[in-house]
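Structure assessment
Below are the chains, spelled out letter by letter.
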Amino acid sequence: MKFSYNWIREFVADLTCTPAALERLITMKTAECEGIEAVGQLLEHACAARVELVQPLDGSHNVKAVVDAGAYGRKTVICGAPNCRPGLITAYVPLGKKVIDGVESDGMLASGAELGINRDHSGIVELDAEPGAPIPGCRPDSVIEIDNKSITHRPDLWGHHGLAREVAAILGHKLNDPARLDLVPKGAPGIQVRIEDLSLCPRYSALLFENVTIQPSPLWLQARLTAIGLNPINNIVDMTNFVMAELSQPMHAFDADLLRGGTIFIRPATAGEHFYALNDEEYTLDPSNLVIADAGGAIALAGVIGGAHSAISDTTTRVVLESANFDATSIRRTSSAIKLRTDASMRFEKAQDPANTVRGIARAIELLREISPGIRIVGGLADQKRNAPPPPPIDLPLAWLERKLGRAIDAAEVRGILERLEFGVTEPTPGVFSVTVPSWRATKDIAIKDDLVEEVGRMVGYDSIAPKAPLVPASVPPGNPTRKFQHEVRNVFVDVGFTEVYNYSFLSEESVRAFGLDPVDHVRVTNPIASNQALMRTSLLPGIWGNVLENAKHRESFRLFEIGLEIHKSADPGALPREVPHLVAAIYDRQGDGAAGLFEIKRAAECLMPGAQALPAEARPFEHPARAAIVWKGQPVGRMFELHPSLVETGRAAILDLDLHLVRTLSAKDVKYRPIRRYPSSAFDLSVVAGLREHAGNLQAAIASFAGPLLESVQFLRQYTGTQIEGGKQSVSFRLTVGSAERTLSTEEVNGIRARIIEGMRGLGYELRV
């Protein structure tokens, strides 16, 4: 959210602190600022200049212009603008001398975009001013950017006047009010308003104007909107955006001659109702969407966007100006449903003040008299509203306030802070304030006395409160075995070189289908934060897949893992979804055939689950034929596989997916103590020649079956294919360790075990390289 320093200065009397100092104050006492941007810097030295002479330059689209720049004198400037002509008053900027097309150019003639007034690059700006005069109504500005997330609970801060109120309260200065309610006409309205459900639209105000002139806005208005990121369009539309940015009151203008009938209806849309919007999109609506309608149908999607059929155009002469208040939840749902967020919808989602609609109309009347000379109001104000009682006063015991705040504070200081923030304060009982909340803070912000503590605390400054631990009994919390186990899992994977990632628990339908999953089987989010995050994940795989694709753009190889919850629908319709903790890990390498990644991912699994086995399993649609099921202690606890090439354009990605609930359950089983061996073990290697598709695990199991009770371990060493092995075959090498807890094995015993294994394997049809 962007705020103009010059705009704030208009409301706060005697504001002299610099933009940087103001940004610091706002950050410490109101909302987090993200930085300051200087805009319109060329305006500081720019002035109006009259073009006296224009001469073309041979072989160039530029011209040589001689201009009268007032105090700067007569200047020769090279200009490429198509509208540079004798007699034109434009903007001259003294940037120094430069040779262009062989001619010395002293300064420049500037476009509106170059000056920061608007976004028009098509030609130099055209002015109505005397040579040497400043650019009318335009001056350099500093724009303070505030983090939107820090003002979501403050609908009043989505406009400059609301932020100026904060600044005035912080500095103890007077606040000027731009809205003159005495301008609002009384009498029979020129347009009728009918609200079907006042809970969806608590207030709707409208006013009819005639003799309207559609033209570009004055430069000061264009500059003010451009500085905060809004695009000037025409004087009527720009006025509605100006009021929205100033008072946090979204407004909309309809071409009155395009409305059917003399009544504006605010109603839920009918099922299947079509609406053609200003963004040239057509939407199919349902009763959950609130619309503004005339006798012929929807003319605006309430709080979100206007309709194309009633839009302001160059031929508009009569205008109906809307200033309304809508239910925040309704607007948010509609905005999410049609996947469209606008400046208006973002403000309505914050629960705006219903009293602000008439203030917006009053401000618009004053602006329209300036930017559309000759405009006339037809009739009085149409204003229908819900008569809601004001919020009850909040009792604020001062002793309780000091205890909560953690520091002593004088009652007069508390009263002063609250009154500067425009709270009403009385003291019906000694030591207890009765605080009345202003309407712009009562919709979604201030409701209990704890909220008032925050108001006082931020104004006195949290840095004035000495940090002190609360004097409350403390006890060691009960153990959380699940959390402890997951910490241990994290340590294991970090120790073997993996980096942990965190993904949202929400997925898009596209990512779900990429893994052969059915969106119907997922829990659907009623109000998703984004259109691509509408489903609760039943697998962590789509998330880690996205991480792989993104990191593969920048790195040759990497290792990632995530621990999170799979969320599955319950078989019982009335029960909550079932959450299953899972780990998913990925090893990516842009080079190689992927075999190394699979071995590494298996090694990582064995670090967590000693003795885990990888057994062949049927590939799922998203798995490469190199796949396996991870079995530990006789239970299938997960999958190890390589992502299908269709999911990874370059390189190979080995994936491990484990059910941590099952892994933890198996880890908790009793482990039998075995003393350290007193006698040395003996080891020897065996190489088995087998088919290329033969699984090393099968060979390992066969070897172990022939080794007998003295076998300690069988370790896979390597696979070899080459000139020494016949075609279609591979040599798979293992290291066997044998020993006894009671004695040192003799050479004859070791050789006997080796011979028995060789004989047994040959009996199964395998050749051994000995």
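The sections below set out a description of the structure shown in this document.

What about the overall build of the protein?
The helix and strand inventory of the protein stands at 20 helices and 35 strands. In terms of overall size, the protein is more extended than a compact globule, its C-alpha atoms giving a radius of gyration of 37 Å where 770 residues would be expected to give roughly 27 Å. For the protein, the spread of C-alpha atoms along the three principal axes comes to 115 × 85 × 60 Å. Burial statistics for the protein: of 770 residues in total, 48% are counted as buried. Pairs at least 24 apart in sequence give 68% of the contacts found in the protein among residues at least 6 apart. Within the protein, one finds 81 positive and 93 negative side-chain charges whose respective centroids are separated by 6 Å.

Quick word on the packing of helix α14 (residues 481–495) against helix α18 (residues 660–667)
Close contact between α14 and α18 brings their axes to 11 Å; oriented N to C, the two are set at 100°. Classified by the angle between their axes, α14 and α18 sit roughly perpendicular to one another. Along the contact surface, α14 presents Pro481, Thr482, Phe485, Gln486 and Val489, while α18 presents Leu660, Val663, Arg664 and Ser667. When its residues are assigned to classes, the contact of α14 with α18 shows five nonpolar, three polar and one charged.

Examining the nonpolar core
Membership of the largest hydrophobic core comes to 54 residues, with the highest contact counts inside it found for Ile146 and Leu321. Counting residues per element, this core draws most heavily on helix α9 (residues 356–371), at eight residues.

A look at the side chain of Glu166
Counting through the fold element by element, Glu166 comes out in helix α4 (residues 160–171). For Glu166, the side chain forms a polar contact with the side chain of Thr30, separated by 3.0 Å. Sequence-distant contacts of Glu166, that is, excluding residues within four places in its chain, are made with Thr30, Arg154, Leu157, Leu421, Arg441, Arg458 and Met459.

Re the side chain of Asp156
Along the chain, the position of Asp156 falls in the loop between β8 (141–146) and α4. Classification of Asp156 by relative accessible area gives buried; the value is 9%. Within the structure, Asp156 has its side chain in polar contact with the side chain of Arg154 (distance 2.8 Å). Ignoring sequence-local partners within four residues, the contact set of Asp156 consists of Gly162, Leu163, Arg165, Ser248, Trp440 and Arg441.

Some words on the sheet that holds strand β33 (residues 711–720)
With antiparallel pairing, four strands are arranged side by side in an open sheet as β33-β34-β32-β35. Each edge of the sheet is formed by a strand with only one pairing partner; in this case those strands are β33 and β35 (767–769). Taken over all neighbouring pairs, the strand axes of this sheet differ in orientation by 30° on average, direction set aside. Two elements, β33 and strand β34 (residues 729–738), share eight bridges in a ladder whose sense is antiparallel. Paired with Leu711 across the two strands is Val738, which belongs to β34.

Some points on the sheet that holds β8
The antiparallel open sheet is built from three strands, whose spatial order is β1-β8-β2. A single partner strand is all that each edge strand has here, and the edge strands are β1 (2–4) and β2 (33–39). This sheet shows a mean twist of 25° between the axes of neighbouring strands, independent of strand direction. Looking at chain direction, β2 and β8 are connected through six bridges and run antiparallel. Note that in β8 the partner of Gly35 across the bridge is Glu145. Along the sheet, helix α2 (residues 19–29) makes contact with β2 and β8, crossing β2 at roughly 160°.

Overview of unusual backbone geometry
Working note: non-glycine residues mostly have negative phi, and peptide bonds are mostly trans. In this model, Lys339 sits at a positive phi of 60°, which is unusual for a non-glycine residue. Tracing the chain through its elements places Lys339 in the loop between α7 (328–337) and α8 (343–348). Take Lys339: its relative accessible area is 60%, and that puts it in the exposed class. At Ala351, a residue that is not glycine, the phi angle is positive and equals roughly 70°. Within the secondary structure layout, Ala351 lies in the loop between α8 and α9. Under the relative-accessibility criterion, Ala351 is labelled buried at 15%.

Observations regarding the packing of helix α10 (residues 398–405) against helix α13 (residues 449–460)
Between α10 and α13, the least distance of the axes is 10 Å, while the angle of their chain directions is 65°. Considering the relative orientation of α10 and α13, their crossing is right-handed. Counting all contacts with α10, which are made through Trp400, Leu401, Lys404 and Leu405, the residues of α13 involved are Lys449, Asp450, Val453, Val456 and Gly457. In terms of residue class, the contact of α10 with α13 is made up of five nonpolar, one polar and three charged.

Let's talk about helix α11 (residues 411–420)
All of the buried residues along α11 are Val414, Gly416, Ile417 and Leu418. Close packing links the buried residues of α11 with β20 (394–397), α10, β21 (424–429), β22 (432–436) and α13. In this structure Asp410 caps α11, since a side-chain oxygen of it lies 3.0 Å from the backbone nitrogen of Ala412. Of the residues flanking the end of α11, it is Glu422, one or two places downstream, whose phi is positive at about 70°.

Cut-off values and rules
- Residues numbered from 1 in each chain as written.
- Predicted model: local features only at pLDDT ≥ 70, side-chain atom pairs only at ≥ 80, totals over all residues.
- Heavy atoms only, no water.
- Helix = DSSP H or I, 4+ residues; strand = E, 2+ residues; numbered from the N terminus.
- Rg over C-alpha atoms; globule rule 2.2 N^0.38 Å.
- Buried < 20%, exposed > 50% of the residue type's maximum accessible area, 1.4 Å probe, protein only.
- Contact = heavy atoms within 4.5 Å.
- Lys, Arg positive; Asp, Glu negative; His and termini not counted.
- Charge placed at Lys NZ, Arg CZ, Asp CG, Glu CD.
- Axes fitted to C-alpha atoms, helices over the stretch in contact; angles between N-to-C directions.
- Parallel < 35°, antiparallel > 145°, perpendicular 65-115°, else oblique.
- Nonpolar A, V, L, I, M, F, W, Y, C, P; charged D, E, K, R; others polar.
- Core = buried A, V, L, I, M, F, W, Y, C linked by side-chain atoms within 4.5 Å.
- Polar contact = N/O pair within 3.5 Å; in protein donor to acceptor, adjacent residues only side chain to side chain.
- Pairing = 2+ DSSP bridges.
- Left-handed = near helix turned anticlockwise from the far one by under 90°.

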